[in-house]
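# Close look at the chain arrangement
Chain residues, written in single-letter form:
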2 protein chains.
Amino acid sequence: MYRKNGKTYHCSVEAALDVIGGKWKPLILWKLGDGVMRFSELQKALPGVNAKMLTKQLRELEEDGIILRTVYPEVPPRVEYSITGFGMTLIPVLEALCEWGSKYLGTGCNEDQDDK
Amino acid sequence: MYRKNGKTYHCSVEAALDVIGGKWKPLILWKLGDGVMRFSELQKALPGVNAKMLTKQLRELEEDGIILRTVYPEVPPRVEYSITGFGMTLIPVLEALCEWGSKYLGTGCNEDQDDK
DNA sequence: CTGAATCCATACGGATACTG
DNA sequence: CAGTATCCGTATGGATTCAG
């Protein structure tokens, strides 16, 4: 039994799933693994997501220390998202999930990895 | 874009999370990784779960080919659950998640692994 | 013993309109 | 550009009761 941020987990796997389990989070991390992106770029890169959902998932990842949000005080505003060092430790885990998921789906890994 | 069982996935990671993302699924798989268990044993081993939830998660895992459900036509009824060969391929993935989750929580891996 | 049925609360995901 | 505010439908998780 573990506690973190007021949440209770029965095992550490549950905690990990809580961090990456959001509907768009794996995709966001995959994209950010390739480099810094701004909000509008992410929105274009994730077909089907809307601003509210994207914002929410990004905020949660930020609170968990996985990504970094940098606001540039310009007009028009510019906000850039990048993966943190701690967030990078998630990439191998995502790759393991991707590999297994591909087996499950009976297909190869998808194009979202591109140059990875 | 992938499809399986009428569901649409944006990436294979999403599909994998769909299989193991249930609230009790990681724990169930962890337990079954150590050997066959019957319904009541699982219920005792998973503090806080109720029959409905346990049944639901077990059925989903069964439909995904991860576990096997064996009914013995006795009185009183006996039902045993075991992990399939395909399900075993998930164990390393769960271990990766556990390891990362422990790092995230700032603790060691939990007792649910016991003799693993 | 192993569930199925019912009812319920909340969380999650999303469409749309609006703002500094 | 990068969100926020509002509203809404559905899914998820759970307590309780009943049944073969």
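Residues numbered from 1 in each chain as written. Chains lettered and ligands numbered in written order. Predicted model: local features only at pLDDT ≥ 70, side-chain atom pairs only at ≥ 80, totals over all residues. Heavy atoms only, no water.

Attention shifts here to the interface of chain B and chain A. Residue-level contacts link 42 residues of chain B with 42 residues of chain A. For the pair chain B and chain A, the summed buried surface comes to about 3700 Å²; carbon and sulfur atoms form 73% of the total. On inspection of chain B and its partner chain A, the count reaches zero salt bridges. Connecting chain B to chain A are ten residue pairs in polar contact (both at pLDDT 80 or more). Elements that contribute at least two residues to the side of chain B that touches chain A include exactly β1 (2-4), α1 (12-20), α2 (25-32) and α6 (91-105) of chain B. If you tally residues by element for the side of chain B that touches chain A, the top one is α6 of chain B, at eleven residues. Classifying every residue of the side of chain B that touches chain A by side-chain character gives 26 nonpolar, ten polar and six charged. (Contact = heavy atoms within 4.5 Å. Buried area = accessible area lost by both parts, 1.4 Å probe. Salt bridge = Lys/Arg side-chain N within 4 Å of Asp/Glu carboxyl O. Polar contact = N/O pair within 3.5 Å; in protein donor to acceptor, adjacent residues only side chain to side chain. Helix = DSSP H or I, 4+ residues; strand = E, 2+ residues; numbered from the N terminus. Nonpolar A, V, L, I, M, F, W, Y, C, P; charged D, E, K, R; others polar.)

Take the protein's contact with DNA strand D next. Every one of the 20 residues lining DNA strand D counts as a neighbour, but Arg-69 and Tyr-81 of chain A together with Lys-23, Asn-50 and Lys-52 of chain B are closest to it. Atoms of DNA strand D within 4 Å of the protein: sugar and phosphate make up 70%, bases the balance. In this structure, Ser-40 of chain A approaches DNA strand D through a side-chain N or O atom, which is 2.9 Å from a phosphate oxygen. Elements represented by at least two residues in the surface near DNA strand D include exactly α3 (39-45), α4 (51-63) and β5 (78-83) of chain A together with α4 (51-63) of chain B. In terms of residue count, the dominant contributor to the surface near DNA strand D is α4 of chain A (four residues). Its residues assigned to classes, the surface near DNA strand D comprises nine nonpolar, four polar and seven charged. (Near = heavy atom within 4 Å.)

This part is about the packing of aromatic side chains. Counting across every chain of the model gives four aromatic pairs over all chains. Aromatic pair Trp-100 of chain B and Tyr-104 of chain B: ring centres 5.5 Å apart, planes at 10°, arrangement stacked. You can see Trp-100 of chain B and its partner Tyr-104 of chain B sitting in helix α6, four residues apart, about one turn around the helix. Take Tyr-104 of chain B: its relative accessible area is 5%, and that puts it in the buried class. Put simply, the rings of Phe-86 of chain A together with Trp-100 and Tyr-104 of chain B pair up and form one aromatic cluster. If you follow Lys-4 of chain A out to its NZ or CZ, it ends over the ring of Tyr-104 of chain B, 4.3 Å from the centre. One cation-aromatic arrangement involves Arg-78 of chain B over Tyr-72 of chain B; the distance from NZ or CZ to the ring centre is 4.0 Å. (Phe/Tyr/Trp six-rings, centres within 6.5 Å; stacked < 30°, edge-to-face > 60°. Buried < 20%, exposed > 50% of the residue type's maximum accessible area, 1.4 Å probe, protein only. Lys NZ or Arg CZ within 6 Å of the ring centre and 35° of its normal.)

Take the relation of the copies chain B and chain A next. Expressed as a screw operation, the relation of chain B to chain A combines 0.0 Å of axial shift with a rotation of 180°, fitting to an RMSD of 0.1 Å. Both chain copies can therefore be described as sitting about a two-fold axis. Taken as a fraction of all interface residues of chain B, those also at the interface in chain A reach 100%, which identifies the copy contact as same-surface. (Least-squares fit on C-alpha atoms with pLDDT ≥ 70 in both.)

What follows deals with the sheet that holds strand β4 (residues 67-72) of chain B. All names here are of chain B. Taken in spatial order, the three strands line up as β3-β5-β4 in an open sheet, and their pairing is antiparallel. Where the open sheet ends on each side, the last strands, each with one partner, are β3 (37-38) and β4. Here β3 pairs with strand β5 (residues 78-83) via two bridges, running antiparallel. Following the sheet pairing, Arg-38 is matched in β5 by Glu-80. Along the sheet, α2 contacts β3, β4 and β5; its crossing angle with β5, the most-contacted strand, is approximately 90°. Taken strand by strand, α4 contacts β4 and β5, and its axis lies near 115° from that of β4. (Pairing = 2+ DSSP bridges. Axes fitted to C-alpha atoms, helices over the stretch in contact; angles between N-to-C directions.)

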